[in-house]
Amino acid sequence: EKSQDCMYLQYCKVCQSYKAPRSHHCRKCNRCVMKMDHHCPWINNCCGYQNHASFTLFLLLAPLGCIHASFIFVMTMYTQLYNRISFGWSSVKIDMSATKRDPRPIIPFGLSAFAASLFALGLALGTTIAVGMLFIIQMKVILTNKTSIESWIEEKAKDRIQYYQTGETFIFPYDMGSKWKNFKQVFTWSGIPEGDGLDWPVRDGCHQYSLTIEQLKQKADKRVRSVRYRAVEDYSGVCCPVTKGVKTFFTTPCTEEPRIALSKGDLILATRGLKHWMYGEKILDSAADGGIRERGWFPRKCVEKCQYDSETDQPVDGEKKNR
């Protein structure tokens, strides 16, 4: 509503509009999502403002259902094996033949049924542990009125302040100071989340754009810290390249983030990396300053560091730390 507020907001080049506070663009959904937490492949949708409570309840009910199923599997195997096990002096024998028994089972419990029940029990217990851990993680961020992305932004804010020794203090603006108040921001009796997804209650000393201002600072810092590389080998963009070495093949990043194809001579601004992989933005020939860039992972052996910095054409090692 106020045009002067645009200076505090991030601009989405894909959606061609400003991002609301706490919103992020999802590459899979191809849209900006209000209060985005993450994109979940299991529900084929983003977890955000509208469905954060429903997704968290799913993470609670799925382990409870698996615990119920595990109890059924254990009791089934116990009751069916009770009269089939015979203990000898030196061995234990199990009779898995589907003979008539009293009472006669509705479904004959043979060797295949035992193997299927044991396999299903393993899946149920594995799902209980894995999804249960996700539920605990989600509840931790909900009780501080954050999302997974905002927790990461807060960590990067601390690193930025420590790196530049600015002396400023970043206060997360949406933490109400009470776990119960934070809980009610997501879970309501009606099932409809609080607010409209655009304006949020903030704590004292903060305002609506405290988080977005910090995000803009981090993006500016990211541009400063980025290092310019030039591609010296072609790369097709496959997930596990066979021709780039055994170590590169087996250490491919375990992430949903894309890979970018490289041609010899391409320029890339690298922002982070692993031992054998790097992540960055490829500067397209048709893009001007601030234009469209392709982002993704690429093998480290396919590029070499440029002598001059991409932004100022100054030696990279000279003034990075000072800036």
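Residues numbered from 1 in each chain as written. Predicted model: local features only at pLDDT ≥ 70, side-chain atom pairs only at ≥ 80, totals over all residues. Heavy atoms only, no water.

1. Some details on the nonpolar core
So, point 1. Counting residues in each nonpolar core, the largest one holds 15 residues, and the members touching the most others are Tyr 229, Tyr 235, Leu 262, Ile 268, Met 278, Phe 298 and Val 303.
So, point 2. Residue contacts for Tyr 235: discarding those within four places in its chain leaves Pro 241, Arg 259, Ile 260, Ala 261, Leu 262, Trp 277, Trp 297, Phe 298, Pro 299 and Cys 302.
So, point 3. Core analysis: the second largest hydrophobic core is formed by nine residues, Ile 153, Ala 157, Ile 161 and Tyr 174 among them. (Core = buried A, V, L, I, M, F, W, Y, C linked by side-chain atoms within 4.5 Å. Buried < 20%, exposed > 50% of the residue type's maximum accessible area, 1.4 Å probe, protein only. Contact = heavy atoms within 4.5 Å.)

2. Some thoughts on the UniProt feature "transmembrane region" (unreviewed entry) in the protein
So, point 1. Annotation from UniProt places "transmembrane region" (unreviewed entry) at residues 57–78 and 106–137.
So, point 2. In residues 57–78, helix accounts for 100% and strand for 0%; the two terminal C-alpha atoms are 32 Å from one another. (UniProt positions renumbered as here; feature names shortened; annotations may be inferred. Helix = DSSP H or I, 4+ residues; strand = E, 2+ residues; numbered from the N terminus.)

3. Considering empty space enclosed by the protein
So, point 1. Counted under the stated rule, the structure contains one cavity of 30 Å³ or more.
So, point 2. Around the largest cavity sit Lys 35, Tyr 49, Gln 50, Asn 51, His 52, Ala 53, Ser 54, Gln 185, Val 186, Gly 191, Pro 193 and Trp 200, which together line it.
So, point 3. Each residue belonging to the lining of the largest cavity can be placed in one class, and the counts come to five nonpolar, six polar and one charged. (1 Å grid on protein atoms, 1.4 Å probe; cavity = no way out; pocket = protein on both sides within 12 Å on 5 of 7 lines; lining within 4 Å. Points joined across faces, edges and corners; volume = space filled by probe spheres on them. Nonpolar A, V, L, I, M, F, W, Y, C, P; charged D, E, K, R; others polar.)

4. Structural notes on the packing of helix 3 (residues 148–164) against helix 5 (residues 210–225)
So, point 1. Running from N to C, helix 3 and helix 5 point in directions that differ by 60 degrees, and their axes come no closer than 10 Å. Taken together, the axes of helix 3 and helix 5 are oblique relative to one another. Relative to helix 5, helix 3 is oriented so that their crossing is left-handed. Residues Glu 150, Ile 153, Lys 156, Ala 157, Asp 159, Arg 160, Tyr 163 and Tyr 164 of helix 3 lie in contact with helix 5, whose contacting residues are Leu 211, Glu 214, Gln 215, Lys 217, Gln 218, Asp 221, Val 224 and Arg 225.
So, point 2. Looking at the contact of helix 3 with helix 5 residue by residue, the classes come out as six nonpolar, two polar and eight charged. (Axes fitted to C-alpha atoms, helices over the stretch in contact; angles between N-to-C directions. Parallel < 35°, antiparallel > 145°, perpendicular 65-115°, else oblique. Left-handed = near helix turned anticlockwise from the far one by under 90°.)

5. Quick look at the pairing of strand 11 (residues 277–283)
So, point 1. Within strand 11, six of the seven residues are buried, which leaves the element mostly enclosed by the surrounding structure.
So, point 2. Relative to strand 11, strand 10 (residues 267–273) is paired through six bridges, and the arrangement is antiparallel. The partner of Ile 268 across the bridge, within strand 11, is Lys 282.
So, point 3. Hairpin connection between strand 10 and strand 11: a loop of three residues separates the two successive antiparallel strands. (Pairing = 2+ DSSP bridges.)

6. Considering the layout of surface pockets
So, point 1. If you add up the space inside the second largest pocket, you get close to 350 Å³.
So, point 2. Around the second largest pocket, the lining residues are Glu 1, Lys 2, Asp 5, Cys 6, Leu 9, Tyr 18, Ala 20, Pro 21, Leu 198, Asp 199, Gln 208 and Tyr 209.

7. Observations concerning a nonpolar patch on the surface
So, point 1. A contiguous nonpolar surface patch, about 640 Å² in accessible area, is contributed by Phe 71, Ile 72, Val 74, Met 75, Tyr 78 and Tyr 82.
So, point 2. As for its position among the elements, Tyr 82 is in the loop between helix 1 (52–81) and strand 7 (85–87).
So, point 3. Accessibility expressed as a relative area gives 56% for Tyr 82, which makes it exposed. (Patch = residues over 30% accessible without salt bridge, like charges linked within 9 Å, V, L, I, M, F, W, Y side chains within 5 Å. Areas by Shrake-Rupley, 256 points an atom, 1.4 Å probe, with all protein chains shown as cover. Salt bridge = Lys/Arg side-chain N within 4 Å of Asp/Glu carboxyl O.)

8. As for the packing of aromatic side chains
So, point 1. Across all of its chains, the model carries eleven aromatic pairs by this definition.
So, point 2. Ring geometry for Tyr 163 and Tyr 164: centres 4.7 Å apart, planes at 85 degrees, overall edge-to-face.
So, point 3. By way of ring pairs, the aromatic residues Trp 180, Phe 183 and Phe 187 are connected into one cluster.
So, point 4. We note Lys 146 situated over the ring of Phe 172; from NZ or CZ to the ring centre the distance is 5.4 Å. (Phe/Tyr/Trp six-rings, centres within 6.5 Å; stacked < 30°, edge-to-face > 60°. Lys NZ or Arg CZ within 6 Å of the ring centre and 35° of its normal.)

9. Things to note about the pattern of salt bridges
So, point 1. Scanning the model with the defined rule gives nine salt bridges in all.
So, point 2. Between Glu 150 and Arg 22 there is a salt bridge whose closest N-O contact spans 2.7 Å. Pair noted here: Glu 150 is in helix 3 and Arg 22 is in the loop between strand 2 (17–18) and strand 3 (24–26), with a separation of 128 residues, a long-range link. Here Glu 150 and Arg 22 have matching classes, each one buried.
So, point 3. Glu 257 is the partner of Arg 272 in a salt bridge, and the nearest nitrogen-oxygen pair spans 2.6 Å. Residue Arg 272 is located in strand 10, and its partner Glu 257 is located in the loop between helix 6 (246–250) and strand 10; the two are separated by 15 residues in the primary sequence.
So, point 4. By relative accessible area, which is 19% here, Glu 257 ends up buried.
So, point 5. Salt bridges here are not isolated pairs; linked through shared partners, they connect Arg 160, Glu 168, Glu 214 and Lys 217.

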